[in-house]
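Fold and geometry: a report
Next come the chains, spelled out residue by residue.
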Amino acid sequence: DVKVTQSSRYLVKRTGEKVFLECVQDMDHENMFWYRQDPGLGLRLIYFSYDVKMKEKGDIPEGYSVSREKKERFSLILESASTNQTSMYLCASSPDGPGETQYFGPGTRLLVL
Amino acid sequence: GENVEQHPSTLSVQEGDSAVIKCTYSDSASNYFPWYKQELGKRPQLIIDIRSNVGEKKDQRIAVTLNKTAKHFSLHITETQPEDSAVYFCAASSGLVGANNLFFGTGTRLTVIP
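Presented here is an overview of the structure given in this document. Model, not experiment: these values are computed from the prediction. Along each chain, residue indices are assigned from 1 in the same order as the chain's sequence is written. Here every chain gets a letter starting at A, and every ligand a number starting at 1, in the order they are written. Totals for whole chains, interfaces and linings use all residues, but because this is a predicted model, local features are given only for residues with pLDDT of at least 70 and pairs of side-chain atoms are given and counted only at 80 or more. Only heavy atoms go into the side-chain values, all of them from the structure, while hydrogens and water stay out.

1. Describing the side chain of Arg-36 of chain A
Residues and elements named next belong to chain A. The following threshold applies: Counting from the N terminus, the helices are the DSSP runs of H or I reaching at least four residues and the strands are the DSSP runs of E reaching at least two. Under the scheme applied here, a residue whose accessible area is under 20% of the maximum for its type counts as buried, over 50% as exposed, and between as partly exposed, the area being computed with a 1.4 Å probe on protein chains only. Polar contact criterion, stated in full: a pair of N or O atoms within 3.5 Å, where within protein one must be able to donate a hydrogen and the other to accept it, and residues adjacent in sequence count only if both atoms are side-chain atoms.
Structurally, Arg-36 is set in strand 4 (residues 31–38). In this structure Arg-36 comes out as buried when scored by relative accessible area, which is 9%. Within the local environment of Arg-36, its side chain forms a polar contact with the side chain of Asp-38, the two groups lying 2.8 Å apart. Side chain to side chain, Arg-36 and Tyr-64 meet in a polar contact 3.0 Å long.

2. Things to note about the pattern of salt bridges
Residues and elements named next belong to chain A. Note the threshold: Salt bridge, as applied in this entry: a Lys or Arg side-chain nitrogen positioned within 4 Å of an Asp or Glu carboxyl oxygen.
For the structure on display, the rule yields 9 salt bridges over all chains. Between Lys-71 and Asp-28 there is a salt bridge, and its shortest N-O distance comes to 3.1 Å. Here Lys-71 is found in the loop between strand 7 (64–70) and strand 8 (73–78), whereas its partner Asp-28 is found in the loop between strand 3 (19–25) and strand 4, with 43 residues between them in sequence. One network of salt bridges, in which partners are shared, links Asp-28, Glu-30 and Lys-71.

3. Considerations on the pairing of strand 6 (residues 56–59) of chain B
All names here are of chain B. As a reminder, the rule being used: Two strands make a pair as long as DSSP finds a minimum of two bridges between them.
Here 4 bridges tie strand 6 to strand 7 (residues 62–67), and the two strands are oriented antiparallel to one another. From the neighbouring strand, Lys-58 faces strand 7, where its bridge partner is Ala-63. Hairpin connection, strand 6 to strand 7: the antiparallel pair is bridged by 2 residues, and Gln-60 has positive phi, about 55°.

4. Digging into the state of the cysteines
Residues and elements named next belong to chain A. The cut-off we apply is this: Cysteine sulfur atoms that come within 2.5 Å of each other are treated as a disulfide pair.
For the coordinates displayed, the defined rule picks out 2 disulfides over all chains. With a sulfur-sulfur separation of 1.9 Å, Cys-23 is cross-linked through a disulfide to Cys-91. Negative torsions about the S-S bond denote left-handed disulfides, and the value of about -75° found for Cys-23 with Cys-91 makes this one left-handed. Placement of Cys-23 in strand 3 and of Cys-91 in strand 9 (residues 87–94) is noted, with a sequence separation of 68 residues between them. By relative accessible area, which is 0% here, Cys-23 ends up buried.

Just geometry here; none of it tells us what the structure is for.
This is the structure in structure tokens:
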């Protein structure tokens, strides 16, 4: 059974703070993703990674960076949190190959004050 | 790039009735179409998927149909039950973009009224 975990379920930070969100998967998946989910906007891709130390920008990378030092771990970093980054953040992973589905973590609800 | 549109954004049905959610996509190279269900406060979970070599797939009360010519696919839920209430997302993937990226619709909030 695929397990994707995220470091926090709820997080409250202040504007300007550096924020780390961590995601870990235990299925040896090559691909990992970070999304943010906002009402009416669905799931928007922030960054993804298809291999260790590899990263690619998604649709909304501004204000975010990522790190993938180990295959099982993918971190999302908010260098200087802003109120418009208040959102639900979802991590996902998938095996390599065409037509492979993604498995999601439980999400982190981030509030930036 | 791929653009997935999903309708309706909200849907209310009486328990026992059917529910249909429709999605369109823009990239003719897309060949994999999963549907996710997200219950309140929980993670999105895959409920059914279809690949471009078939036109329909069924799993108990849920079914998905795909029309590649028209570039649209639909989720059908029959005999709805209150536990079907959730947000449903469609997605499309060609396997050609990045790490097999999925492009998601904006979601449909389904409410089943007992």
